[in-house]
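Take a look at the letters that make up each chain.
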Amino acid sequence: MERDLQILLQFWENQWGAKLAARYHPGLPQAMINNFRNMLRCAFEDDALYLPLLWQGDNPIGVQATLIDRKNRSLIGMLNGRDLSIRKPAPGFALHLYSIRWAIENGFAVYDLQTGDFAYKYDFGGLERKVECLVVSTATRRNLRDSLERRSLPVVLARAKALRQAGDLDGAVRACRQILSADRSHSGARQLLEQLDAARRALLPQTLSVAARLHQAGNLAEAEKSIARSWTSSPGTSTSAICSA
C-alpha cells in the first residue's frame, strides 16, 4: 500500500506540482499531497479504497485511486497519476477500463468519473448529471471544540513549514499554536515554534529600525503597524523596550 501510494503521489506531483505552485502558492502542492496521503490511508484502513497499479515490465506507469461506496454500489474516482512519457496505450484510460471491469465483476452499479466533461469520459458511455455542492459547517462556523481535528495535524504542520519557507513567519507561528492547542505534546509543532520565535527575535532590531524611519518621515500609521507586529512577534519584549528603541 505505502509503495503504491508513494508512486501515485509522485506521478501526481510530477504532473501538477509546478503548475499549482506557480499559480497559487509554493507550499500548496506538498500540502495537497499530505492531505491525499492521509485521506487514502484512512480509506484503505476502512476497506474503502481500490488502487490498481499498471506496470510496463518492472516500471510502474499509472495508478488509479478510487473510493469504494458499498452502500450505494458505486466506485468514485478520486485521484490518478501516470508516467507522462507513456502515450499509447494511455495508462489512465487502461486503468479506467480495468477498474470498470472489476466493478462489474464485484456487483457495483455506478462508476463515477467525477467532474469535468473531458472527451474520454464519453468513450465509456458516461451520462451527464448535475453536481450540487453542500457546505456543512458548525453553528459558530468554528471547529468543533474550537480546535483542529487531530488527524489533520500532520497536514497543518507541513503547511506551517511551507509558510516558514515562504517567509511568512507570523502565519507559521499561528499554525503551530493551533496544533499545540489541539495537542499540547506535539513535539514537531513545539520545535518549529521555538525556531520561529528565535528567527523573529533576530529580526526585531531590523523591524524596529524600519519603524523608527517611518516615524521620522511622519508616516505614523505605518510606524505603529510595524511596532505592533514587532510586539506580536516577540511576546517577551516589554513596552518600554520597544518605545526606547
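### Here's the deal with unusual backbone geometry
In this structure, the amide linkage connecting Lys88 to the following residue, Pro89, adopts the cis form with an omega of -5 degrees. Take Pro89: it is sitting in the loop between strand S4 (74-82) and helix H3 (91-105). Even without being a glycine, Asp47 presents a positive backbone phi close to 55 degrees. With respect to the element layout, Asp47 can be found in the loop between helix H2 (28-45) and strand S1 (49-50).

### Focus: the confidence of the model for the protein
Summarising the model, the protein shows a mean pLDDT of 85, and 87% of its residues fall at 70 or more. Here helix H9 (residues 239-244) stands out as the element of the protein with the lowest mean pLDDT, 34, in contrast to S1, whose mean of 97 is the highest. This stretch, residues 233-245, has a pLDDT under 50; its non-local contacts, to residues over four places away or in other chains, come to 14 contacts.

### Digging into H3
Between its first and last C-alpha, H3 extends 21 Å over 15 residues, near the 21 Å set by a 1.5 Å rise per residue. The complete set of buried residues in H3 reads Pro91, Leu95, His96, Ser99 and Ala103. In a view along the axis of H3, the buried residues occupy a sector of 135 degrees, so they form one face of it. Relative to its buried face, H3 has exposed residues pointing more than 90 degrees away, namely Ile104 and Glu105. Of the surrounding elements, those touching the buried residues of H3 are S1, strand S2 (53-56), strand S3 (59-69), S4, strand S5 (110-112) and helix H4 (119-122). Taken from the residues just after H3, Gly107 is the one with a positive phi, measuring 85 degrees.

### Section: the environment of Ala166
Here Ala166 shows up in the loop between helix H5 (153-165) and helix H6 (169-182). Taking relative accessible area as the criterion, Ala166 reaches 48% and is therefore assigned partly exposed. Along the sequence, Ala166 and His25 sit 141 residues apart, while their C-alpha atoms lie 9.0 Å from each other.

### Quick look at the packing of aromatic side chains
For any two aromatic rings, the description comes down to two numbers: the centre-to-centre distance and the angle of the planes. Throughout the structure, instances matching the rule amount to six aromatic pairs. Aromatic pair Phe93 and Phe124: ring centres 4.9 Å apart, planes at 20 degrees, arrangement stacked. You can see Phe93 sitting in helix H3 and its partner Phe124 sitting in the loop between H4 and H5, a full 31 residues away along the chain. Taking relative accessible area as the criterion, Phe93 reaches 30% and is therefore assigned partly exposed. Seen in terms of ring centroids, Trp102 and Phe108 are 5.8 Å apart; in terms of plane orientation they differ by 25 degrees. Their pairing is stacked. For Trp102, a relative accessible area of 22% corresponds to the partly exposed category. Aromatic rings pair up to connect Phe93, Phe118, Tyr120 and Phe124 into one cluster.

The rules behind each value
- Residues numbered from 1 in each chain as written.
- Predicted model: local features only at pLDDT ≥ 70, side-chain atom pairs only at ≥ 80, totals over all residues.
- Heavy atoms only, no water.
- Helix = DSSP H or I, 4+ residues; strand = E, 2+ residues; numbered from the N terminus.
- pLDDT = per-residue confidence, 0-100.
- Contact = heavy atoms within 4.5 Å.
- Expected span 1.5 Å × (residues − 1).
- Buried < 20%, exposed > 50% of the residue type's maximum accessible area, 1.4 Å probe, protein only.
- Arc of directions from axis to C-beta.
- Phe/Tyr/Trp six-rings, centres within 6.5 Å; stacked < 30°, edge-to-face > 60°.

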